[in-house]
Amino acid sequence: MAIRIIDFKTQYAKVFYDLNIEWLKTFFYVEPFDEELLSKPNKYIIEKGGFIFFAMKNEEVVGTAALIPTENPEILELTKMAVLPKERGQKIGQLLLQHCIDFARAKKLEGLLLYSSTKLENAIYLYRKYGFKELVLEKDSPYVRSDIKMMLEF
C-alpha cells in the first residue's frame, strides 16, 4: 500500500500531538517543552515559519515529522518524527526523512540540524546513512533527553 506525504493540515493537529506523545512515552518521557509545542503546532511551528508533514496510508495518518526554524534562517531543525506503533518497521520514517531532506534541498537551505539520543541506535544509524554528521552538543541543549546533535549540510 502506497504511502504519500502531505503538508500540515489543522485537522491533523491532534494526530501530530498523539503520535509524538506516544513515541515520547515509549522511549523517554514528555518534557514540559514537548507538551507545549505539541499541543499548539500552529503557534510554535507553522506560524514561526516551520513545516509539518504527515505520512498517509489510505486516509490514515501513520507518521509525522516537523522542520522548525533555528537561529540561522538557512538551517531547519528536523524534529518531532514519529510513526504509529503498528506501522513501524515499514520504512515510513525513512520516507519522512527523505521528504524532509528533499524539501530542504528544494528550498536551497544550507542544511538540516537534529537532536537525538544515542539510545535510539536505529535512528542514529539511519541519520548517518543519510549523511548527517555529528556536531558538538551544546551544554544548554533544548532537550534534556538529547545526547547527540547532528547536521546534514547541502
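Everything discussed here concerns the structure shown above.
Predicted model, so just to flag it, every value in this text is computed and none were measured.

What counts, and at which threshold
Residues numbered from 1 in each chain as written. Predicted model: local features only at pLDDT ≥ 70, side-chain atom pairs only at ≥ 80, totals over all residues. Heavy atoms only, no water. 1 Å grid on protein atoms, 1.4 Å probe; cavity = no way out; pocket = protein on both sides within 12 Å on 5 of 7 lines; lining within 4 Å. Points joined across faces, edges and corners; volume = space filled by probe spheres on them. Helix = DSSP H or I, 4+ residues; strand = E, 2+ residues; numbered from the N terminus. Nonpolar A, V, L, I, M, F, W, Y, C, P; charged D, E, K, R; others polar. Salt bridge = Lys/Arg side-chain N within 4 Å of Asp/Glu carboxyl O. Buried < 20%, exposed > 50% of the residue type's maximum accessible area, 1.4 Å probe, protein only. Pairing = 2+ DSSP bridges. Axes fitted to C-alpha atoms, helices over the stretch in contact; angles between N-to-C directions. Contact = heavy atoms within 4.5 Å. Core = buried A, V, L, I, M, F, W, Y, C linked by side-chain atoms within 4.5 Å. Phe/Tyr/Trp six-rings, centres within 6.5 Å; stacked < 30°, edge-to-face > 60°. Lys NZ or Arg CZ within 6 Å of the ring centre and 35° of its normal.

Engineer: What's the story with the layout of surface pockets in this structure? I'm lost.
Structural biologist: Rolled over the atoms, a probe with the dimensions of a water molecule shows which regions are left empty. The volume enclosed by the largest pocket comes to roughly 910 Å³. The wall of the largest pocket is formed by 34 residues, among which W23, M81, L120, A123 and Y127 lie closest to the centre. Contributing elements (two or more residues each) for the lining of the largest pocket: α1 (13-27), β4 (75-83), α4 (92-106), β5 (111-116) and α5 (121-129). Top contributing element to the lining of the largest pocket by residue count: β4, with 7 residues. A per-class count over the lining of the largest pocket returns 17 nonpolar, 10 polar and 7 charged.

Engineer: Please explain the pattern of salt bridges as it appears in this structure.
Structural biologist: One pass over the full model with this rule turns up 11 salt bridges. For E138, the salt bridge is made with K149, and the minimal N-O distance between the two is 3.0 Å. Remark: K149 occurs in strand β7 (residues 148-153) and E138 occurs in the loop between β6 (133-135) and β7; sequence separation between them is 11 residues. Residue class for E138 comes out partly exposed when judged on its relative accessible area of 26%.

Engineer: Can you walk me through the sheet that holds β4 in this structure?
Structural biologist: What holds strands together in a sheet is hydrogen bonding between their backbones, with the strands either parallel or antiparallel. Taken together, 7 strands build an open sheet; the order of strands is β1-β2-β3-β4-β5-β7-β6 and the sheet is mixed. Every interior strand has two partners, whereas the edge strands, β1 (3-7) and β6, have only one. Looking at each pair of strands side by side, their axes are set apart by 30° on average, direction ignored. As judged from the 3 bridges shared by β4 and β5, these two strands associate in the parallel manner. Looking at the pairing, I75 lines up with G111 of β5. Taken strand by strand, α1 contacts β2 (51-57), β3 (60-69) and β4, and its axis lies near 80° from that of β4.

Engineer: How should the nonpolar core be read in this particular structure?
Structural biologist: Within soluble globular proteins, side chains that are nonpolar generally end up buried alongside one another. Counting 54 residues, the largest nonpolar core has F54, L67, L78, L97, L112, Y127 and F132 as its most contacted members. The greatest single-element share of this core, amounting to 7 residues, is contributed by α4. Excluding residues within four positions of it along the chain, L112 makes contact with L67, L76, C100, I101, A104, F132, M150, M151, L152 and F154.

Engineer: Hey, could you run me through the packing of aromatic side chains in this one?
Structural biologist: Any pair of aromatic rings gets described here by the distance separating the centres and the angle formed by the planes. Taken as a whole, this structure holds 7 aromatic pairs when the rule is applied. Measuring from ring centre to ring centre gives 5.1 Å for F53 and F103, while their planes differ by 65°; the resulting arrangement is edge-to-face. With F53 in strand β2 and F103 in helix α4, the pair connects residues that are 50 residues apart, well separated along the chain. Residues F53 and F103 agree in their burial class; the two are buried. Among the aromatic residues, ring-to-ring pairing joins F8, Y12 and F54 into one connected group. K119 extends its terminal NZ or CZ atom over the ring of F28, reaching a point 4.7 Å from the ring centre.

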